[in-house]
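# Per-entry structural report
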Amino acid sequence: MPIQQPSNQIKLTNVSIVRLKKGGKRFEIACYKNKVQEWRTGVETNLDDVLQISNVFVNVSKGEVAKSGDLQKAFGTSEVSEAVKEILKKGEVQVGEKERDHDLTSLRKEIATLVAEKCVDPTTQRPYPVGMIEKAMAEAGFSIKQNKTAKSQVSECIKQLQSDSTLPIQRARMRVRVTMPTADSKRLREKIVEGAEKVEDDETGQEEWEVIMLIDPSQFRVITDILQKECKGRGRIETMTFSATTST
């Protein structure tokens, strides 16, 4: 005969648990992963989208639901939603070791993938495999920050690979075409080309000036800002390639 599970127990899986100790008791809520931070920053405002189950537990892993009397004593109300909001605001997110390791591995892979997309071997001007980037990250002792996105850590990672690893690496160059009326080019040409690593073509016609050049990706925004401020819609920048390019 099967053992009946107590009616106040609920089994949950794949949750982020938020825990708050109050009034001598422990209270927990079961949330969807990543939703806690979205709630705290105001990105998410719907409790139903944050909670896996709209209830307060004393122990999520055992499925033990908190009693109304305990909620009343600790929070001054037996309203589950009010207790949940306080736990969300003040509680600590519990991260299991396996989950932490998995998140760290995924984040490391994501950073390495972004670095591989943006960088090349300076000698061959070819991109590196992601696995090689990951090995270089380990060699350089790059520390993954779990509270930051992969994208926000790419620049720091590249700098550390360049200074602390034996892997020769540089950012891939962008090949861009910039065009504007010839009249504007007379005063802006120097500003535009000063950020280029190499000017491949520079032609001045009666009505239009065009330059094709290799730039560091960071210069794309600089040039765009110049065009917007100085040309007022008359100039444009076009990305021709964003990959390994041979520089001579």
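Within any chain, residue numbers begin from 1 and follow the written order of that chain's sequence. With the structure being a predicted model, the display of local features is reserved for residues of pLDDT at least 70 and the display and counting of side-chain atom pairs for 80 or more, all residues being used for whole-chain, interface and lining totals. Excluded from the side-chain calculation are hydrogens and water; included are all heavy atoms of the structure.

### Overview of the environment of Trp 39
Put simply, the rule is: Counting from the N terminus, the helices are DSSP H or I runs at least four residues long and the strands are E runs at least two residues long. Here, two residues are considered to be in contact whenever any of their heavy atoms come within 4.5 Å of each other.
Relative to the helices and strands, Trp 39 resides in helix H1 (residues 35–41). The spatial distance from the C-alpha of Trp 39 to the C-alpha of Val 50 is 7.4 Å, given a sequence separation of 11 residues. With sequence-adjacent residues up to four places away left out, Trp 39 is seen in contact with Glu 44, Thr 45, Asn 46, Leu 47, Val 50, Lys 85 and Leu 88.

### Focus on unusual backbone geometry
To keep things clear, this is the line we draw: Residue exposure (1.4 Å probe, protein chains only): buried if accessible area is under 20% of the type maximum, exposed if over 50%, otherwise partly exposed.
One non-glycine residue, Gln 125, lies in the positive phi region at around 60°. Inspection of the secondary structure assignment puts Gln 125 in the loop between strand E6 (119–120) and helix H6 (130–140). The buried category is assigned to Gln 125, whose relative accessible area is 9%. Positive phi is not limited to glycine here, since Lys 232 has a value of about 50°.

### Structural notes on the nonpolar core
Condition: Definition used in this section: a nonpolar core is a set of buried Ala, Val, Leu, Ile, Met, Phe, Trp, Tyr and Cys residues joined via side-chain atoms within 4.5 Å.
Counting residues in each nonpolar core, the largest one holds 20 residues, and the members touching the most others are Ile 111, Val 115, Ile 133, Met 137, Cys 157, Leu 161 and Ile 169. Looking at this core, the elements with two or more residues in it are helix H5 (97–118), H6 and helix H7 (150–164). In this structure, Val 18, Cys 31, Leu 51 and Ala 74 belong to the second largest nonpolar core, which totals 18 residues.

### Describing the layout of surface pockets
As a reminder, the rule being used: The method works on a 1 Å grid over the protein atoms by themselves. A cavity is a set of points holding a 1.4 Å probe that cannot get out, a pocket is an open set with protein on both sides within 12 Å along at least five of seven lines, and residues with an atom within 4 Å of a point line them. Grid points are joined across faces, edges and corners, and a volume is the space filled by probe spheres set on the points. For this scheme, ten residues count as nonpolar: Ala, Val, Leu, Ile, Met, Phe, Trp, Tyr, Cys and Pro. Four count as charged, namely Asp, Glu, Lys and Arg, and the remainder, Gly too, count as polar.
The volume enclosed by the largest pocket comes to roughly 750 Å³. As for the largest pocket, its lining consists of 23 residues, and the residues nearest its centre are Lys 33, Asn 34, Asp 103, Gln 146 and Asn 147. When contributions to the lining of the largest pocket are tallied by element, the ones reaching two or more residues are H1, H5 and H7. The element that contributes the greatest number of residues to the lining of the largest pocket is H5, accounting for seven residues. Split into classes, the residues belonging to the lining of the largest pocket amount to six nonpolar, seven polar and 10 charged.

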